[in-house]
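Topology and contacts: notes
Spelled out from the first residue to the last, the chains are:
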Amino acid sequence: MKKPLLILILLLPFLGSMAQKKVSFSTIPDTTIPSRVWILGGATAALYGAGLAALNTAWYKGYPRSGFHFFNDMGEWNQMDKAGHVFSAYFIGKYSREMWRWSGLPRKKQIWIGGLSGFAYQSVIEVLDGYSSEWGFSWGDMGANAIGSALLISQELAWNEQRIQLKFSAHPQHYDDPVLQHKADQLFGTTFWERTLKDYNGQTYWLSVNLYSFRKESRLPKWLNIAVGYGSQGMIGGRDNTWTDEHGIPRDYSQLQRVRQFYLSPDVDFTKIPTRKKGVKVIFQVLNMLKFPAPTFEINSKGNVKLHAVYF
């Protein structure tokens, strides 16, 4: 195809929009603007492509590939990886849905296109897992992806808002035992960001409920949430804490107990804090993916109870 013709095709949606009523760039329109639909579609494809390329480099590089296969990992990592899939699908869908408001598409189309984006992106990753000899295509992961997207879409359709949000917090773990620390470095990486993203021992996933949205006649602060969290510690392997190191020496750390942790804590819904500044609103949307540090009640699978003055 000749370049002038290609450029013309790429410019068609923008040329067509010139005949429409001019709308400010930052305005959320009440009717569909085709040029914005094209822009968002292209931006979404570019972002997803770049994200998958980065993931391929950061996650799959150095691992051997294989033919497509399935893998049952439901019993691994005390299901912390499944919580991560639910959160990721919800998070990607949530901000994709917010982005599609700018297009002016009918509300339900925005919800379905945006909401399913997280599921679609995670599904592509699952297919990539299916070709990795270290992992495989997991129906458990796919189910978790579907739950995350369903949580977002169902609330948007029912209430046109997210009354129940998923949030995340992390505090990477370190071990005094050099053997444990070396194994953790191999599994989860050595940098802060690698540990934050990969180390299930330091992650907590939260279901944060906005109280006012369920009782709008009350005097409760509109920003006040109550959050229930789930985490786990003591995991140096997917199913147990035994392995053979790179020198062929068997390691048995079964004495390190794999403990599930459950939390209850107040939280903040930043999007319910009034502001007219659009930049601040964007910052609040981003902050809302993180659990606000606050006093937290913890009970774990060993029956121990703790009260944290501040937990994140």
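All of the points below concern the structure found in this document. (Residues numbered from 1 in each chain as written. Predicted model: local features only at pLDDT ≥ 70, side-chain atom pairs only at ≥ 80, totals over all residues. Heavy atoms only, no water.)

A closer look at the side chain of R195
In this structure, R195 sits in helix α7 (residues 192-198). A polar contact is formed between the side chain of R195 and the backbone oxygen of Q173, at a distance of 2.8 Å. A polar side-chain atom of R195 sits 2.7 Å from the main-chain carbonyl oxygen of G189. In this structure R195 touches P172, Q173, H174, Q181, A184, D185, F188 and G189, once residues within four positions along its chain are discounted. (Helix = DSSP H or I, 4+ residues; strand = E, 2+ residues; numbered from the N terminus. Polar contact = N/O pair within 3.5 Å; in protein donor to acceptor, adjacent residues only side chain to side chain. Contact = heavy atoms within 4.5 Å.)

A short note on the packing of helix α3 (residues 80-100) against helix α4 (residues 107-130)
α4 packs onto α3 with a crossing angle of 140° between their chain directions and a minimal axis gap of 7 Å. Here the hand of the crossing between α3 and α4 comes out right-handed. Facing α3, whose interface residues are H85, S88, A89, I92, G93, S96, R97 and W100, α4 presents R107, Q110, I111, I113, G114, G115, S117, G118, F119, Y121, Q122 and E126. Broken down by class, the residue content of the contact of α3 with α4 amounts to seven nonpolar, 10 polar and three charged. (Axes fitted to C-alpha atoms, helices over the stretch in contact; angles between N-to-C directions. Left-handed = near helix turned anticlockwise from the far one by under 90°. Nonpolar A, V, L, I, M, F, W, Y, C, P; charged D, E, K, R; others polar.)

Topic: the layout of surface pockets
The computed volume of the second largest pocket comes to approximately 1,000 Å³. Around the second largest pocket sit 32 residues that line it, and E98, R101, K281, V282 and Q285 are the ones nearest its centre. Elements with a contribution of two residues or more to the lining of the second largest pocket: α3, α8 (211-214) and α9 (278-287). Counting residues per element, the lining of the second largest pocket draws most heavily on α9, at six residues. Of the residues belonging to the lining of the second largest pocket, the class tally is 14 nonpolar, eight polar and 10 charged. (1 Å grid on protein atoms, 1.4 Å probe; cavity = no way out; pocket = protein on both sides within 12 Å on 5 of 7 lines; lining within 4 Å. Points joined across faces, edges and corners; volume = space filled by probe spheres on them.)

What about unusual backbone geometry?
Within the chain, N78 stands out as a residue other than glycine whose phi angle is a positive 50°. Its location among the elements puts N78 in the loop between α2 (34-60) and α3. Despite not being glycine, Q79 shows a phi value in the positive range, around 65°. Following the sequence through the fold, Q79 ends up in the loop between α2 and α3.

Side note on the packing of aromatic side chains
Summed over all chains, the structure comprises 22 aromatic pairs. Arranged with centres 5.5 Å apart and planes meeting at 85°, the rings of F70 and F137 form a pair that is edge-to-face. Of this pair, F70 sits in the loop between α2 and α3 while F137 sits in the loop between α4 and α5 (139-159), and the two are 67 residues apart along the sequence. Ring centres 5.3 Å apart and planes at 50° place the aromatic pair W77 and Y200 in the tilted group. (Phe/Tyr/Trp six-rings, centres within 6.5 Å; stacked < 30°, edge-to-face > 60°.)

Examining the packing of α4 against α5
Relative orientation of the contacting elements α4 and α5 amounts to 170°, with a least axis distance of 9 Å. As summarised for this structure, α4 and α5 are arranged roughly antiparallel, according to the angle between their axes. Contacts between α4 and α5 involve R107, K108, I111, W112, G115, L116, G118, F119, Q122, S123 and E126 on the former and, on the latter, D141, M142, N145, A146, S149, L152, I153, E156 and L157. Of the residues that constitute the contact of α4 with α5, the class distribution is nine nonpolar, six polar and five charged. (Parallel < 35°, antiparallel > 145°, perpendicular 65-115°, else oblique.)

Considerations on the sheet that holds strand β7 (residues 294-300)
Taken together, the six strands give an open sheet; going across it, the order is β1-β2-β3-β6-β7-β8, and neighbouring strands pair in antiparallel fashion. Single-partner strands in this sheet number two, and they are β1 (164-170) and β8 (305-311). Neighbour-to-neighbour, the strand axes of this sheet turn through a mean angle of 25°, independent of strand direction. α3 contacts β1, β2 (203-210) and β3 (224-233) of the sheet and is inclined by roughly 120° relative to β1. (Pairing = 2+ DSSP bridges.)

Structural notes on the pairing of β3
The pairing of β2 with β3 spans seven bridges and is classified as antiparallel. Bridged to V209 within β3 is I226. Pairing of β3 with strand β6 (residues 259-268) involves 10 bridges; the strand directions are antiparallel. Among the inter-strand pairings, L224 is bridged to a residue of β6, identified as V268.

Observations regarding the nonpolar core
In terms of nonpolar packing, the biggest core is built from 24 residues, with M80, F87, L180 and Y205 touching the most fellow members. At the level of secondary structure, the elements contributing two or more residues to this core comprise α3, α5, β1 and α6 (178-188). When residues in this core are grouped by element, the largest group, six residues, is from α3. With five residues, the next largest nonpolar core counts Y60, I92, Y121 and I125 among its residues. (Core = buried A, V, L, I, M, F, W, Y, C linked by side-chain atoms within 4.5 Å. Buried < 20%, exposed > 50% of the residue type's maximum accessible area, 1.4 Å probe, protein only.)

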